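# Secondary and tertiary structure notes
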Amino acid sequence: MKDDISLMEHRMNSMENKLDKMDAKLDMLTEKLLNPDYGVTARVNRNTSYRKIMSKALWAIYVVTIGLVIKMFWE
């Protein structure tokens with residue numbers, strides 16, 4: 001009987017340790033996802049702004065290239 005109680009106590013402590021580890025991992029994941037400076041949302045916003053800037057730059061390059069082609073044929 002005493003061994004059974006000891007075994008149950010050991011298993012409960014083991015479960016508590018596992019729950020504590022899971023809680024720490026969830027906290028880390030939450031921090032990585034929701035951090036306003038380095039989280040997923042911030043990365044998506046940076047990528048979106050970068051894509052908008054690159055789109056404008058590509059359009060400028062297209063316009064200049066088309067202008068040069070037209071100028072070459074015009075002369």
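Our subject is the structure that appears above.
No experiment lies behind these values; they were computed from the predicted model shown.

## As for the overall build of the chain
In terms of helices and strands, the chain carries two helices and zero strands. Taking 11 Å as the expected radius of gyration for a compact globule of 75 residues, we find that the chain reaches 30 Å, considerably beyond that expectation. Evaluated residue by residue, the chain yields a buried proportion of 4% over its 75 residues. In the chain, which carries 12 positive and 10 negative side-chain charges, the distance between the mean positions of the two groups comes to 14 Å.

## What to know about the environment of Asn13
Residue placement: Asn13 occurs in helix α1 (residues 2-34). Each C-alpha atom, one on Asn13 and one on Asn35, is 32 Å from the other, the two residues being 22 residues apart in sequence.

## Describing a negative patch on the surface
On the surface, a cluster of negative charge is contributed by Glu16, Asp20, Asp23 and Asp27. Here Asp23 shows up in helix α1.

Scoring rules and cut-offs
Residues numbered from 1 in each chain as written. Predicted model: local features only at pLDDT ≥ 70, side-chain atom pairs only at ≥ 80, totals over all residues. Heavy atoms only, no water. Helix = DSSP H or I, 4+ residues; strand = E, 2+ residues; numbered from the N terminus. Rg over C-alpha atoms; globule rule 2.2 N^0.38 Å. Buried < 20%, exposed > 50% of the residue type's maximum accessible area, 1.4 Å probe, protein only. Lys, Arg positive; Asp, Glu negative; His and termini not counted. Charge placed at Lys NZ, Arg CZ, Asp CG, Glu CD. Patch = residues over 30% accessible without salt bridge, like charges linked within 9 Å, V, L, I, M, F, W, Y side chains within 5 Å. Areas by Shrake-Rupley, 256 points an atom, 1.4 Å probe, with all protein chains shown as cover. Salt bridge = Lys/Arg side-chain N within 4 Å of Asp/Glu carboxyl O.

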